[in-house]
Amino acid sequence: MTSDTAKLHSVSVARVVVREDGRVLAIRRADNGTWELPGGVLELDEAVEDGVRREVYEETGIKVCVERLTGVYKNLRRGVIALVFRCSPENQIARLSDESIEVAWLTPDEVAERMAEVYAVRVLDGLRGDAAPSVRTHDGRHLL
């Protein structure tokens, strides 16, 4: 493939941080006001699990223990591949950041009410008890 026909992908990481009571850590983004899981783009020289921990901490002040991969999601419109991991919190006192205007521990029902379908399904996949990760594609808002 020649360089002018090659398409680039961006790899991001997100996490389903689950407390013992089953509530999930979520942020309301500062740039667009939507509710999502904490996450962001991996740095070039960064290990995946290090990126997971860094992104959660930067956006929420919560330190996490990475447990397992729960899903791989590709946004066909933007060429972004998101790796989603289930994590457990090491602390529960959250703070806001430049990227988050609200941080909350949501129930699964609240996630379904507040998040777009492509983000809510990541939470549901992360809450499943089985070990097999989901693999899904979407257009930025809806599953395909």
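Every chain is numbered on its own, with residues counted from 1 as its sequence reads. Residues qualify for local features only when their pLDDT is at least 70, as the model is predicted, and side-chain atom pairs are given and counted only at 80 or more; totals for whole chains, interfaces and linings, by contrast, use all residues. Side-chain metrics in this entry use all non-hydrogen atoms of the structure; hydrogen atoms and water are not considered.

Some words on the pairing of strand β2 (residues 24–29)
In summary, the side chains of a regular strand alternate between the two faces of the sheet.
Next, step 1: The rule for pairing is simple: two strands pair if DSSP sees at least two bridges between them. A run of H or I in DSSP counts as a helix once it spans at least four residues, and a run of E counts as a strand once it spans at least two, with each numbered from the N terminus. When β2 meets strand β7 (residues 100–106), the two strands line up antiparallel, connected through six bridges. Note on β7: the bridge partner recorded for Leu25 is Trp105.
Next, step 2: Two strands pair when backbone bridges link them, and β2 and strand β3 (residues 35–36) are joined in this way by two bridges, in the antiparallel orientation. Within β3, the position partnered with Ile27 by the bridge is Glu36.

What about the sheet that holds strand β5 (residues 64–75)?
Next, step 1: As summarised here, the arrangement of the five strands in space is β4-β1-β6-β5-β8, forming an open sheet in which the pairing is mixed. Each end of this open sheet is capped by a strand with a single partner; those strands are β4 (39–41) and β8 (134–138). On average, each strand axis in the sheet is tilted by 25° relative to the strand beside it, whichever way the strands run.
Next, step 2: Judged from the ten bridges that link them, β5 and strand β6 (residues 80–89) form a sheet pairing that is antiparallel. Note on geometry: axes are lines fitted to C-alpha atoms, helical ones only across the stretch in contact, with angles between N-to-C directions running from 0 to 180 degrees.

Re helix α3 (residues 117–127)
Next, step 1: The buried label goes to any residue with under 20% of its type's maximum accessible area, the exposed label to any with over 50%, and the partly exposed label to all in between, with areas taken from a 1.4 Å probe on protein chains only. Along α3, eight of the eleven residues are buried, which leaves the element largely enclosed by surrounding structure.
Next, step 2: Along α3, the residues classified as buried are Val118, Tyr119, Ala120, Val121, Arg122, Val123, Asp125 and Gly126.

Brief notes about the environment of Arg53
Next, step 1: Mapping Arg53 onto the fold places it in helix α1 (residues 48–60).
Next, step 2: When the C-alpha atoms of Arg53 and Glu20 are compared, they prove to be 19 Å apart, with 33 residues separating the residues in sequence.
Next, step 3: In this description, contact between two residues means that some pair of their heavy atoms is separated by no more than 4.5 Å. With sequence-adjacent residues up to four places away left out, Arg53 is seen in contact with Val64 and Val66.
Next, step 4: Polar contacts here mean pairs of N or O atoms no more than 3.5 Å apart (in protein, one a potential hydrogen donor and the other a potential acceptor; neighbouring residues in sequence count only if both atoms are side-chain atoms). Within polar-contact distance, the side chain of Arg53 engages the side chain of Asp50 at 2.8 Å.

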